[in-house]
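# Topology and contacts: notes
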Amino acid sequence: MTESVVILDFGSQYTQLIARRVREQKVFSKILPFHASVEEIMSEEPKGIILSGSPANVYDKKAPLPDFRIFDAGVPVLGICYGLQVISHFFKGKVHKSPRREYGAARLHVSKADGLLHKYPKTSTCWMSHGDKLDRLPKGFERLAHTANAPVAVVGDPERRIYGVQFHPEVVHTPDGAKIISNFLFRICRAKSTWTPRSFVEESVETIQEQVGSSKVVLGLSGGVDSSVAAVLIHKAIGKKLTCIFVDNGLLRLEEAGRIKKAFRGHFKMNMKFVDARKEFLTALRRVRSPEKKRKIIGHTFIDVFDRAAKKIGAVKYLAQGTLYPDVIESVSVFGGPTSMIKSHHNVGGLPAKMKLKLLEPLRMLFKDEVRQVGRTLGIPSEFVDRHPFPGPGLAVRILGDITEERLDLLKAADAIVIEEIKKGGFYKDLWQAFGVLLPIKSVGVMGDERTYENALAIRAVTSQDGMTADWAQLPHDFLGHLSNRIINEVRGINRVCLDISSKPPATIEWE
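Residues numbered from 1 in each chain as written. Predicted model: local features only at pLDDT ≥ 70, side-chain atom pairs only at ≥ 80, totals over all residues. Heavy atoms only, no water.

### Digging into the overall build of the chain
The secondary structure content of the chain amounts to 14 helices and 18 strands. In terms of overall dimensions, the chain is globule-like: its C-alpha atoms have a radius of gyration of 26 Å, near the 24 Å expected for 512 residues. Referenced to the eigenvectors of the C-alpha coordinate spread, the extents of the chain come out at roughly 75 × 60 × 40 Å. For the chain, the residues scored as buried account for 55% of the 512 residues in total. Put simply, 74% of the contacts in the chain that link residues at least 6 apart link residues at least 24 apart. For the chain, the computed accessible surface area is about 23200 Å², with 50% contributed by carbon and sulfur atoms. Side-chain charges in the chain split into 75 positive and 57 negative, and the spacing between the mean points of these groups amounts to 2 Å. (Helix = DSSP H or I, 4+ residues; strand = E, 2+ residues; numbered from the N terminus. Rg over C-alpha atoms; globule rule 2.2 N^0.38 Å. Buried < 20%, exposed > 50% of the residue type's maximum accessible area, 1.4 Å probe, protein only. Contact = heavy atoms within 4.5 Å. Areas by Shrake-Rupley, 256 points an atom, 1.4 Å probe, with all protein chains shown as cover. Lys, Arg positive; Asp, Glu negative; His and termini not counted. Charge placed at Lys NZ, Arg CZ, Asp CG, Glu CD.)

Here you go:
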């Protein structure tokens, strides 16, 4: 079994970053809600426990607090920001609202470079984000570092292997933060760097074989990174017991169906069924403009089409999906109650009862970049494993307003030019996503000596590490000019091209 570290999430915006920083050290990490019982936590057999930050204050009556038995479980604990306050609260330290809040860069002064701070610089930059401070040490702890505004910035109890830091070592703004994560994992927890793409594949194949047995599995293959990697991984484990169903909903990229047939039926020799449902989807989407309604209609229609195709296969027991960790994180409330979701994910949230299939989600604990690494390990061609993310609802959420066959053809042609030029210019691998968005407006233009009144297209190109945050890509002006000329000259029906220069947050990457 792969060694792991459990991260208890108290609602911090940085919790996913903590998980990623641990995994970058080739140690598996799993996020659990702060209220998980010690029995649930220990069932993971963790080498260590990390307590995340939180927008809450530990002295509030409704402060989120963990099962305090974790401190008696004999497992090393690291508290980050609010996590330090939790440790202080339990071990009788003193936390109160600071007269001066501390947000941004601060100078950290180390008084004892040992244990958690082994070989840490005597003075360095750290990233603060708090309005409270610890000014009385919890019992049994010693001060290891401080800043001008935080008299106790790092504490430790080496005997019980419990440590806390007031700042955020997981963010890039703490340049030496990775050293703290590394020291905790390898010096305090004595974990080993054994979690790699190859070890994940080996363990997953074994798990899938054990879970599925002699049963049949169906998977909706879209050709995106997630479903492609899930398909090849499951096929490696159970071979012909997997049947992939490709539903052509008419909302896919230009000539997508042909590429998928060639790769998965031809190269990987998979069982595949192709369903042409373009008319059914377009009929269901007629005159629908609400983004969330589009997603729900597409999700429900997909399930109806998929269900009919799956029934023709025979006695199928499992439905496989390419669900990823960010899908789960964005769709589930940490606090266990109603959540304000950014948007619904059609892979998450339950299966209609009428299908009566069990879920098989082998990628559920992976981030996108980890999925790509697994794909390369499985030998999936770069055309699929390195392609940009594509939304489950397809081009429907890149066409603002009414979805018609004519508008789909316009966007497919324009988007194909965007991708072709991005690749030709050598930008593709440096971008997280690049695509066109057909706007719900027409504008006046001039072509030759004639007045035109045609569609406007927005170009969206962003850089990101995991899709949780993103910056707009500053592509060269001459390149953008060339791209605009090609689209306007070659796609009849578009006479204006705009550039989206918003970041996530406050915008999302997709427009709908």
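So that's the structure; there's more coming.
### Considering the pairing of strand β11 (residues 242-248)
Burial within β11 is extensive, with seven of its seven residues counted as buried. Of the two faces of β11, the one lined by L242, C244, F246 and D248 and the one lined by T243, I245 and V247 are each fully buried. Bridging between strand β10 (residues 216-220) and β11 involves four bridges; their strand directions are parallel. Looking at the pairing, V218 lines up with T243 of β11. The β-α-β motif built from β10, the intervening helix α6 (residues 225-238) and the parallel element β11 has right-handed crossover chirality. Across six bridges, β11 lies against strand β12 (residues 271-276) in parallel orientation. Bridge pairing in β12 links V247 to V275. (Pairing = 2+ DSSP bridges. Right-handed = clockwise from strand over helix to strand, strands pointing away.)

### Some thoughts on helix α1 (residues 15-24)
Of all 10 residues in α1, eight are buried, a share of seventy percent or more. For α1, every residue scored as buried is listed here: T15, Q16, I18, A19, R20, R21, V22 and R23. Immediately downstream of α1, the backbone of K26 shows phi near 65°, a positive value.

### Observations regarding the nonpolar core
By size, the foremost hydrophobic cluster in this structure holds 45 residues, and its most contacted members are V218, I422 and I487. Those elements that provide at least two residues to this core are β11, α8 (278-284), α9 (291-311), β13 (316-320), α13 (405-424), β15 (433-447), β16 (450-463) and α14 (477-490). Residue contributions to this core peak at eight residues, all from α13. If sequence neighbours within four positions are ignored, V218 has contacts with L242, T243, I245, F306, A310, I313, V316, Y318, L319, A320 and L357. Formed by 41 residues, the second largest nonpolar core is a distinct cluster that contains F28, V217, F264 and V385. (Core = buried A, V, L, I, M, F, W, Y, C linked by side-chain atoms within 4.5 Å.)

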